Amino acid sequence: MPSPSLYEIHDPRFRSLVVGSAVLEELYSGCRWAEGPVWFDDAQQLLWSDIPNQRILRWVPDGGVSVYRYPSNFANGHTRDRQGRLISCEHGTRRVTRTEADGSITVLADSFEGKRLNSPNDVVVRSDGSIWFSDPTYGILSDYEGYKSAPEQEKRSIYRLDPVTCALTAAASDFLQPNGLAFSPGETKLYVADSGTNPDDTAPAHIRVYDVEGTHLTNSGVFCHLDEGRPDGFRLDNNGNLWTSGGHAVHCFAPDGTLLGKIRIPQGVSNLTFGGPRRNRLFITATQSVYAIYVTATGVQRP
Ligand code: MG
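Just so we're clear, the structure is a prediction, and the values are computed from it rather than from any experiment. (Residues numbered from 1 in each chain as written. Predicted model: local features only at pLDDT ≥ 70, side-chain atom pairs only at ≥ 80, totals over all residues. Heavy atoms only, no water.)

**Some thoughts on unusual backbone geometry**
Pro-71 follows Tyr-70 through a cis peptide bond whose omega is -5°. Note on placement: Pro-71 falls in the loop between strand 6 (64-69) and strand 7 (75-80). With phi around 50°, Gln-44 is a residue other than glycine that occupies positive phi space. Gln-44 gets classed as partly exposed once you look at its relative accessible area, which sits at 27%. At Glu-187, a position not held by glycine, the phi torsion is positive, near 60°. (Helix = DSSP H or I, 4+ residues; strand = E, 2+ residues; numbered from the N terminus. Buried < 20%, exposed > 50% of the residue type's maximum accessible area, 1.4 Å probe, protein only.)

Written out as C-alpha cells, the structure is:
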C-alpha cells in the first residue's frame, strides 16, 4: 500500500502510476530557490538552477553536487534540443541561450519587435527543432531573481523560435504570467501554466491547453485547476498524464484533466522532470532542495 503520508490518492488510477514502497530522497539542499531541472541521459547528470545564487548546479549519481556554471545570469528553466545541447532561460540578461558542445554560448533570442524580452522563464523544444518559451515578468520584479526593471513587452507571451530562420513569433499572449510549458506526447497540443495572480486574488490557478498550428497556438482552453498552490513547471508521461508542481506537492492529472493524485513534498515545489536511465525517476526542485522519487510512469520528453 502506498504510504498515506507520501501519496494522496484522488483516483484509483494513480495507484498504478506510483511505486508503493518508493521513498522520497533529498539529493541536495542549500539552494535559495531551485528551478529548471533537466536530465542528461548520455552524461547521467541532472542540471538545475539556483536562481538567486546565480548558479547552475550539477548532480551525478554517487558523485554528489558541483557547480556547473557561475555566474548563471540568474538562469531559470532549461531543456535540451534535438542535438542534446542545453537550452537555457536567463532572467539577468533577459534572453534564451544555447550552450554548444565546446561550452561557448549562443544567444537565441533576447528581443521581440525591437524591444527586450521580459524575463524568459521556461523552455521546451519540439521534434521539428522549434524552441518554445514563456516570457513573464518574474525575473525583473526585483533584484532577487534578476535585475529590477520595467517590462518592455506589453504582453506576457509564449514565443516560438524558428530553428531555420531564427524568426521569433508570439504564439499566444492571453496570460497573466505564462510559466511552465510542455507538449502532449504527439506534440499536437501545448500545455502552459498561468501562474499569475491579481490584486483581489481571484486569478485561477490553472494550466491551459492549446492546439499547435504551425507557428501559433489556437483553441485556448483550460486543462486543469489546481486546488493547492499555483502551477509552475510540469512534464508529461508517455500516456499523456501531466505531472505538475503546485504548493507542497506534485499533482498528477489524467489526459482528461482529472486529478489522479499527489506526491507530498516537504517544501514548495517549483518544477520537475523525468530522468534516470529508464526515465522513470521524478527529479523535483522544491525551494531549497532537489528531491527524487521512482514512479512507474515514464517521461515523454526527448532527448
Ligand atoms: Mg518556472
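Right, picking up where we left off after that structure.
**Focus: the coordination of the magnesium ion**
Protein coordination of the magnesium ion is provided by Asn-121 (OD1), Asn-179 (OD1) and Asp-232 (OD), with donor distances spanning 2.2 to 2.3 Å. In the primary structure, the donors to the magnesium ion are separated according to the pattern N-x57-N-x52-D. Here Asn-179 is found in strand 17 (residues 178-183), whereas its partner Asp-232 is found in the loop between strand 20 (216-225) and strand 21 (234-236), with 53 residues between them in sequence. The exposure classification of Asn-179 matches that of Asp-232, with both residues buried. (Donors = N, O, S within 2.8 Å, 3.2 Å for Na, K, Ca; no water.)

**Digging into the sheet that holds strand 9 (residues 95-99)**
Pairing in this open sheet of four strands is antiparallel, and the strands run 7-8-9-10 from one edge to the other. Two strands close off the open sheet at either side, each with one partner strand: strand 7 and strand 10 (105-109). This sheet shows a mean twist of 30° between the axes of neighbouring strands, independent of strand direction. (Pairing = 2+ DSSP bridges. Axes fitted to C-alpha atoms, helices over the stretch in contact; angles between N-to-C directions.)

**Section: the nonpolar core**
Counting 23 residues, the largest nonpolar core has Phe-14, Trp-243, Val-250, Ile-263, Leu-282 and Ile-284 as its most contacted members. Breaking this core down by element, the ones donating at least two residues are strand 23 (249-253), strand 24 (259-264), strand 25 (271-275), strand 26 (281-286) and strand 27 (289-294). Ranked by residues supplied to this core, first place goes to strand 26 with three residues. In this structure, Val-250 is in contact with Trp-243, Thr-244, Gly-261, Lys-262, Ile-263, Ile-265, Val-269, Leu-272, Leu-282 and Ile-284, ignoring residues within four places of it in sequence. (Core = buried A, V, L, I, M, F, W, Y, C linked by side-chain atoms within 4.5 Å. Contact = heavy atoms within 4.5 Å.)

**Quick word on the packing of aromatic side chains**
For the coordinates displayed, the defined rule picks out 13 aromatic pairs. Measuring from centroid to centroid gives 5.3 Å for Phe-74 and Tyr-147, while their planes differ by 90°, and the two rings are edge-to-face. One end of the pair, Phe-74, is in the loop between strand 6 and strand 7; the other, Tyr-147, is in the loop between strand 14 (131-134) and strand 15 (158-161), with 73 residues separating them in the sequence. Residue classification places Tyr-147 among the partly exposed residues on the basis of a relative accessible area of 46%. Ring pairs connect the aromatic residues Tyr-7, Phe-14, Trp-243 and Phe-274, which therefore count as one cluster. In this structure, Arg-126 packs its charged tip against the face of Phe-183, placed 5.9 Å from the ring centre. (Phe/Tyr/Trp six-rings, centres within 6.5 Å; stacked < 30°, edge-to-face > 60°. Lys NZ or Arg CZ within 6 Å of the ring centre and 35° of its normal.)

**A look at the pattern of salt bridges**
Under the counting rule described, the total for this entry stands at 17 salt bridges. Across the pair Glu-100 and Arg-98 runs a salt bridge whose closest N-O atoms are separated by 2.8 Å. The same class applies to Glu-100 and to Arg-98, which are both buried. In this structure, the salt-bridge partner of Glu-228 is Lys-262, at a minimum N-O distance of 3.0 Å. Separated by 34 residues along the polypeptide, Glu-228 in the loop between strand 20 and strand 21 and Lys-262 in strand 24 bring together distant segments of the chain. (Salt bridge = Lys/Arg side-chain N within 4 Å of Asp/Glu carboxyl O.)

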